[in-house]
Structures are given as C-alpha cells and as structure tokens.
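# Chains, contacts and geometry: an overview
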Amino acid sequence: MLARLSSRGRRLAATPVAGIAVSVLLLVASLMLGLHDDELGRAEKLREAQVQAQILAGSLAGPLAFDDDDATREYLGALAVNQELVAAGVYGPDGRLVASFRRDGAPLPDAGRVGPPVVENGELIVTAPVAQAGASLGSVYLRATTETWSRRALRYLGIATVVLLAALLIVVLGLFYASASAANRRLQAEIKGREQAEAALRQSQKMEAMGQLTGGVAHDFNNLLMVASSGLELLGRTDDPARQEKLRRGIGEAIERGAKLTQQLLTFARRSPLNPQVVDLARCIRGLHDLLDRSLREDVLVELDLPDGLWPIEVDTSQLEVAVLNVAINARDAMPHGGVIRIDAGNVPGAGGAGDMVRLTVRDTGAGIAPDMIEKVFEPFFTTKGVGRGTGLGLSQVYGFARGSGGDVTIESVPGAGTALTLFFPRSTKPLPVEPASASASASEAEAAATVLLVEDDDNVAEMVGGMLRELGYATVRSENAASALKRLDGDGGPFDLLLSDMIMPGEMDGLDLARHVARRYPDLPAVLMTGYSQAAAAVSAQGIALLTKPFTMETLGEALRQALRAGGREA
Amino acid sequence: MELVRRLRRALAGGAALAAAFGGFAGAGEAAVDLETAIKASYLYKFAPFIQWPQAAFTTPSEPITICVAGRDPFGPALEEAIRGQRVSGRTIVVRYLENVEPETRCHILFAGEAPEQSVQEALRAVAGRPVLTVTDLSRGVGGGMIQFVVVRGRVRFTIDAGAAGETGLAISSKLLALAVTVGR
C-alpha cells in the first residue's frame, strides 16, 4: 500500500517535472533563436548603416567639392531624423571635419578616416569615402545603435512571456493529466474491488443454494429411508398378513416418493431424459381434468378454456402432466379459502425471429407472490409452505421442463389478487400421430413368450429386472456387458426377440453403442435402454430408441417392452 | 596643398574675402589671394562632374588637360591643387596658352584677358568642341559655360548647361545643384 502510494506520488511529481524540463528546453531554444535573430538583425543593421553612409557620401560629393557647407548640413540634418544614428560626421579630402551632428555626447573622431565597419559598445561605426569619378573628395562617418537597449529588452520580455505561458500551460496540463490518471486508477481499483465482491456474493449465493438443495434432499431422503428401514424391520417382527401388507405398501410408497424426488431433481437439472411426443395440448389438459379435480380440494374450481386448432407441440406428456399438476397444487395452496383455477391456452405467432409458440396459462385468484419473491420461486427447495407440505421442487420441475422442451415460463403476480403462470412451448412441425385403434392393456401371449436378452453389469439390478421379466412371462438371458451380449447374438444363444440393456456399463461399448450396433446388424431386433441418469439420455430419445428410467415398476417395464415389440413388427 | 588647406580654414573661420580683393592687380607668382586659390581648386574639381564625349580623348589614360589662356591668375595654386589628383584614372595637366587655336587640345579652358586674344575670341576658337569653358565673371570677364561669381563673400559659379550640352559635354546634376543660376 505504502509502495503504491509512493509510486503514485512519484508519478504525480514526474509530470510537472517533465513539464518544467520541457519549458526549460523551450526557453533555451527560444533564447538561441533570439540570439540568432539578434545576429541576423545586427548584420541587417550593418548593411542598412552602410547603405545610409554610401547614400550620404554620394549626395555629399558636390557640396564637399565646392565647399557648400549649407547643403552638407542639410543632408546631415535629414539623416539625423533617424533615431538610431547617434553621431555622424562629414570630412573633407584632407580629413578635416566639415559638418557633424551628435546625440547625447556621442563620440566623434576629429579626423576623417575610411575603414571597415566596427562594433563598439554595442554601437555600429561605418565609414564611407566621398568620391566622384575616382577623385577622393572626403569621407563620412556614421555611428548607429544596433538596437536600443529598451527595445531589445522588450523583445526578449515578449519571448520570455510567451515561453513562460507555454511552460505554465504544460505544467497545468501535466497536473491535470496526473490527477485524471490518479482518479482513473482509483476508479479501476474500485471496479476491481466491486467485481471481487460480486464474485464473492455469487459464490456465497451458489453455496447457499447448494446447501439448500443438499439439505432438502437429505431431509426428504432421510424421511423416506426412515419409513423404508423401519417398515422392513417391523415386517420381520409381525406375522399378521394384514399388517405385513400395510407395511409393504408403506415401503413401496416411500420408494415411489424417493423416485419422484430424484426425477424432479433431474428434471430441474435438465438431465432428465425427456420423452417428447407430438401432442395436442388441449387434449392433454382435458385428460388431466379428472386428476386435477381429485388432487385439489372441493372448494377449488377448475375452469378450462382450451380452443380447438391449437398448434401441435412436442413435449414429454408425463412431464407436462406433472408440471400442470405442480402449478395447480401451488395455485390451490395459494387459495386456502377456495377459489378458481383457470387454465387457458392459445397460439402465439412468432415475431422478430422468434418461432411460433403455444401458450398455456394457469391463473389463480389466490394470495399472490410478493415482488421480492418472484425471482426465487423457480429455485429448487424454495418454498413458502410449511415443513412436510412442500418439497420446494414443484416450480423447479416446471422451469426445468419448460426450458428442456425448448420453451419458456413466465410468472406474473399481483399480491392479494392472484398469480398467472404461463408456459410456452415451441410449435412442432411434425403431424399428430394417428391414435392406435386399441391399446391393449395386457401382454398378448405371443409377446409374453418372447425371449429377452438382458444386458446389465449390476448383479442385484440384473436379478431384480430378470425376476420382473419372468413375472411378466418373458424368457430371459443375461449378459454382463456389451461384448458378451454381442457374442451371444452372433453365437449359439439362439434368436432373441428383444434387447434390454443398461446405458452405462464397463467396457468399450456402452448401452447406446450396443443399441446402435444391434440396430444396424439386426434391424429386426428391437432394443430398450434403461438408465438412472445419463447425459446421453437425450441422444437416446432423439434416435427413437425406447428408454426406461430407473427406478421403474413392473407395469412400466411391461408396457415399454410391449410397445417395443409391437414397433419391431412382432405382432404380425 | 598645404596652402589651400590653410586658406580653406580661413574661409571656414568666416574671414572676409573683401580684404584680399585689393591685391588682385598686383598679384605676383608667390602671392596668390584666397579667392584665386579657391577658384584654382574648383577649376580642377569640375572635372569629376563632367563627362566628356569619347572623342575628346585618344587613349583611356590620356590626361585631362586644363588650359589657362591669357594672363594666368592662379600662379602656383593651380599646380598645387592638381598635384597627385586623378579623375577617372586620368592625371591632370595644365597648359598655359597665349592664344587659343581651334586645334588646341584642351578639356577645360579657363579664358582670361590677354593682349593677343580677347576672351570672346578664345571662346570662339573652341566653340562647338567638347571643351568646358570657364571664365571669371567676378573679375568682369563673362562668357563660357561656367562663370565664377562671388555671392555673399563666397566663390560660386553659374553653369550654362545648354551650351555645354551642345558640345557633347554632360554635366552631373550634383554640380548643377550647386550652381547659383543655371543658364539655358
């Protein structure tokens, strides 16, 4: 700090010093210029005096030759008007002084003599012979000041004034520059400090969010684990079938809630594999009406305003349902004394480069959200609800789902008047799929008799999934990794009807690679992938490979396999 | 030269010329009065202010000849005045003549009274030729291009520039400016 101060001080001092140096240089230069000018002026003066002497000598030839002293004096008198001449003399051919004038007792020689010009005490002495046609008639003597002292002083004073003013200007400019640059440095330092403070603030906010997230997850999971572990413990101690069934259901529910929780977390993180389908938004929401009515209280009325002719959108329908449900539940909780939840939709034509969108608005007549809270509602684990009532992940899921679907979400709220949450989805260019004539709810015998090649590295998972498959009536063969699965497919393992593979496995090939390889080599063999979490999940969805998200239920597994087999043309 | 200097000093000191006037009739060779001495010096000093036609000289170094016709009023004063003087690189010589003949070689002719030839006869002898003719009007002898006069006690001269111009002589304006009256 001290060093910085002193260096700044040096810099501050350096500029005026440089200014003074420059002005000294200027002064010296102008002095030299002045001296040179003086020299030139003196030479000029000399020439001038010589010319004057010659003119005088020329005009004095007659008067000197014929002793016309009056004319001589007249000529001299005319010359005396020149203030620079201090003395002048006219001498006859014998050197005798004929006529003269002098100012302030200036010296004048008694005898005329012609010689070269002389500078004496700053005064210039020139002589010129008076001659006519080669005949010497006398001489003239002129003594002139080169420049009066006062005039020279004035001239130098003028130069000095200009130089000093220039120097002053330089010094002032230097000082101004120094102070400006010092202010600039202070500003820079302040900006840097603020940037650091902002970064620190962001970091602490991030840490806070992380703490909230991990704390929330831990809290919820601990509760679920508590239910599961205590349920299992109690299960071992009781023989009452009714009680055993109740405990089992409790454990199942806890596991289901845990699965939902992680699903919502992943959706928020946008790592959840969305399974987009081209749907009609109005149809989807109408299908939700019953569910909404059941989920909400009796004093909450749900109104739908869904026009026909909405553009198709491509979204994960289950996520859409969850999102609408989350928003509706929030709306319900915002209206403790009942109210109306109004759900409406509309087409929003794109403008200014933005594409066409379909809007879905859920409006309530509840308490509203305070303006300072609006920004936080999409943060995970932010909740205004009491402990055990909300997870703080509802709107986070909505946000993650909307962004993951290429859309957006906005929220408007007037405290005391209600909140409107609007979801935007991009218009899909794909046509709506034709409804399957009859979606059979049970596995046909042909399907059930199929053989499934299960590729799973985890023994526990493999055993469980294998059990589920057998329960569903499928024959199953397990491979531990992609390489051995391929070997089985190539070798004697017999024809398989379906490939069910984990996504992430040890070895050179993962599940996706395997599925692609199989699709190329055995185009008739349908593949279904399973994953708990994977960044490649999106790619799987994009390539039209069926994907099961762990944990899944037996029912979900059965449905996925049936669909895959049907798509593979096995129903024929 | 020393004499002239002394005389000039006397003049500058304001000495009256009148005192010397009386002695002109009996002026001997040695005793030359101040006025005569001044006239003698003027006689040669006219030379630098006169430009002769080229034909007046046969060679570039030919001396300027001053002819004194008739009685010589100057005595040694003229000889002293011209000693060592050069005009346009030419020396000056004096010739004393009894009679002026048309073929007499002169550049400046001072015509004085003479028993053999009157002033007018002498002037006529050189009429039309580039000879600067000088007479002394203050002594009662007029004529010629330049006449000496005495004005307020000072020796001055009149110039007849027209007559001079007819013979091819050019008189410097510096000299003309000093003349008291300029005849046409």
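Structure: above.
Computed from a predicted model, the values in this text were never measured in an experiment.

### Points about the packing of helix 10 (residues 459–471) of chain A against helix 14 (residues 554–567) of chain A
All names here are of chain A. Contact pair helix 10 / helix 14: the axes reach a minimum separation of 10 Å and the direction vectors enclose 65°. Overall, the two elements helix 10 and helix 14 adopt an arrangement that is roughly perpendicular. Relative to helix 14, the crossing made by helix 10 is right-handed. Together, Met 468, Leu 469 and Glu 471 of helix 10 and Met 554, Leu 557 and Leu 561 of helix 14 make up the contact between the two elements. Residues of the contact of helix 10 with helix 14, tallied by class, amount to five nonpolar, no polar and one charged.

### Thoughts on the packing of aromatic side chains
To describe a pair of aromatic rings, you give the distance between the ring centres and the angle between the ring planes. Applying the stated criterion across every chain yields a total of ten aromatic pairs over all chains. Both rings, one in Phe 66 of chain A and one in Phe 46 of chain B, keep their centres 5.3 Å apart while their planes meet at 25°; by these two values the pair is stacked. Of the two residues, Phe 66 of chain A sits in the loop between helix 1 (2–65) and helix 2 (69–80) while Phe 46 of chain B sits in the loop between helix 3 (34–45) and strand 1 (50–51), which places them in two different chains. Taken as a pair, Phe 66 of chain A and Phe 46 of chain B share a single burial class, namely buried. Note on Phe 46 of chain B: relative accessible area 0%, which makes it buried. One aromatic cluster in this structure is built from Phe 66 of chain A together with Tyr 42, Phe 46, Phe 49, Phe 148 and Phe 157 of chain B. Between Arg 90 of chain B and the ring centre of Phe 57 of chain B, over which it is positioned, the NZ or CZ distance is 3.7 Å.

### Structural notes on the sheet that holds strand 5 (residues 135–145) of chain A
Residue and element names in this part refer to chain A. The five strands lie next to each other as 2-1-5-4-3, forming an open sheet whose pairing is antiparallel. Each end of this open sheet is capped by a strand with a single partner; those strands are strand 2 (97–102) and strand 3 (118–120). In this sheet, adjacent strand axes meet at a mean angle of 15° when their direction is disregarded. Sitting on the sheet, helix 2 is in contact with strand 1 (85–91), strand 2 and strand 5, with an inclination near 25° to strand 2.

### Topic: helix 8 (residues 394–404) of chain A
The element helix 8 of chain A is extensively covered by neighbouring structure, given that eight of its eleven residues are classed as buried. Gly 406 of chain A lies just past helix 8 of chain A and shows a positive phi near 80°.

### A look at the pairing of strand 16 (residues 527–531) of chain A
Both faces of the sheet carry side chains from a regular strand, because those side chains alternate between them. Residue and element names in this part refer to chain A. Of all the five residues making up strand 16, five are buried; the element is thus mostly covered by neighbouring parts of the structure. On strand 16, burial covers both faces: Ala 527, Leu 529 and Thr 531 on one face and Val 528 and Met 530 on the other are all buried. Bridging between strand 15 (residues 498–502) and strand 16 involves four bridges; their strand directions are parallel. Note that in strand 16 the partner of Leu 500 across the bridge is Val 528. Handedness of the crossover is the feature at issue here: the chain leaves strand 15, passes through helix 12 (residues 511–521), returns alongside strand 16, and the resulting connection is right-handed. The pairing of strand 16 with strand 17 (residues 546–549) spans four bridges and is parallel. In the strand pairing of strand 17, Val 528 is matched with Ala 546.

### As for the pattern of salt bridges
Residues and elements named next belong to chain A. Counted according to the given criterion, the structure contains 26 salt bridges over all chains. Residues Arg 143 and Glu 123 are paired through a salt bridge, measuring 2.8 Å at the closest nitrogen-oxygen approach. One end of the pair, Arg 143, is in strand 5; the other, Glu 123, is in strand 4 (residues 123–132), with 20 residues separating them in the sequence. For the residue pair Arg 143 and Glu 123, the accessibility class agrees, reading buried in each case. Of the charged contacts, one joins Arg 562 and Glu 559 as a salt bridge, the two residues approaching to 3.2 Å between their closest N and O atoms. Of this pair, Arg 562 and Glu 559 both sit in helix 14, three residues apart, roughly one helical turn. For Arg 562, a relative accessible area of 7% corresponds to the buried category. Where salt bridges share partners, they join Glu 120, Glu 123 and Arg 143 into one cluster.

### Some words on unusual backbone geometry
Phi at Asp 67 of chain A is positive, roughly 55°, even though this residue is not glycine. Structurally, the position occupied by Asp 67 of chain A is in the loop between helix 1 and helix 2. The buried category is assigned to Asp 67 of chain A, whose relative accessible area is 12%. Phi at Arg 152 of chain B takes a positive value of approximately 50°, unusual for a residue other than glycine. Among the structural elements, Arg 152 of chain B can be located in the loop between strand 7 (146–151) and strand 8 (154–160).

### Considerations on a negative patch on the surface
Taken together, the side chains of Glu 208, Asp 372, Glu 375 and Glu 379 of chain A define an acidic patch exposed on the protein surface. Residue position: Glu 208 of chain A is located in helix 3 (residues 149–237).

### So, the state of the cysteines
Residues and elements named next belong to chain B. By the definition in use, this model includes one disulfide over all chains. With its sulfur 1.8 Å from that of its partner, Cys 67 forms a disulfide with Cys 106. Classification of the bridge connecting Cys 67 and Cys 106 rests on its S-S torsion, roughly -105°, and on that basis the disulfide is left-handed. One end of the pair, Cys 67, is in strand 2 (residues 64–69); the other, Cys 106, is in the loop between strand 4 (90–97) and strand 5 (108–111), with 39 residues separating them in the sequence.

### Points about a nonpolar patch on the surface
Residue and element names in this part refer to chain A. A surface patch of nonpolar side chains, amounting to about 370 Å² of accessible area, comprises Ile 20, Val 24, Val 28 and Met 32. In this structure, Ile 20 sits in helix 1. Of the residues examined, Ile 20 reaches a relative accessible area of 48% and is grouped as partly exposed.

### Details of the interface of chain A and chain B
Much of the literature gives interface size as the accessible area that the parts lose upon coming together. Listed as interface residues are 18 residues of chain A and, on the opposing side, 19 residues of chain B. When chain A packs against chain B, close to 1600 Å² is buried across both sides, 57% of that on carbon and sulfur atoms. When the area that chain A buries against chain B is broken down by residue, the three leading residues are Phe 66, Asp 67 and Gln 132 of chain A, summing to 39%. Run the count over chain A and chain B and you get zero salt bridges. Where chain A touches chain B, the interface holds seven residue pairs in polar contact (both at pLDDT 80 or more). Elements that contribute at least two residues to the side of chain A that touches chain B include exactly helix 1 and strand 5 of chain A.

### A closer look at the sheet that holds strand 13 (residues 451–455) of chain A
Residue and element names in this part refer to chain A. Taken in spatial order, the five strands make up an open sheet running 14-13-15-16-17, and their pairing is parallel. Two strands bound the open sheet, and with one partner strand each, they are strand 14 (475–479) and strand 17. If you compare each strand with its neighbour and ignore which way they point, the axes differ by 20° on average. Relative to strand 14, helix 10 is tilted by about 165°, and along the sheet it contacts strand 13, strand 14, strand 15 and strand 16. The strands touched by helix 14 are strand 15, strand 16 and strand 17; relative to strand 15, the strand with the most contacts, the crossing angle is about 130°.

Parameters and conventions
Residues numbered from 1 in each chain as written. Chains lettered and ligands numbered in written order. Predicted model: local features only at pLDDT ≥ 70, side-chain atom pairs only at ≥ 80, totals over all residues. Heavy atoms only, no water. Axes fitted to C-alpha atoms, helices over the stretch in contact; angles between N-to-C directions. Helix = DSSP H or I, 4+ residues; strand = E, 2+ residues; numbered from the N terminus. Parallel < 35°, antiparallel > 145°, perpendicular 65-115°, else oblique. Left-handed = near helix turned anticlockwise from the far one by under 90°. Contact = heavy atoms within 4.5 Å. Nonpolar A, V, L, I, M, F, W, Y, C, P; charged D, E, K, R; others polar. Phe/Tyr/Trp six-rings, centres within 6.5 Å; stacked < 30°, edge-to-face > 60°. Buried < 20%, exposed > 50% of the residue type's maximum accessible area, 1.4 Å probe, protein only. Lys NZ or Arg CZ within 6 Å of the ring centre and 35° of its normal. Pairing = 2+ DSSP bridges. Right-handed = clockwise from strand over helix to strand, strands pointing away. Salt bridge = Lys/Arg side-chain N within 4 Å of Asp/Glu carboxyl O. Patch = residues over 30% accessible without salt bridge, like charges linked within 9 Å, V, L, I, M, F, W, Y side chains within 5 Å. Areas by Shrake-Rupley, 256 points an atom, 1.4 Å probe, with all protein chains shown as cover. Lys, Arg positive; Asp, Glu negative; His and termini not counted. Charge placed at Lys NZ, Arg CZ, Asp CG, Glu CD. Disulfide = S-S within 2.5 Å. Buried area = accessible area lost by both parts, 1.4 Å probe. Polar contact = N/O pair within 3.5 Å; in protein donor to acceptor, adjacent residues only side chain to side chain.

Any link to function would need more than the numbers given here.
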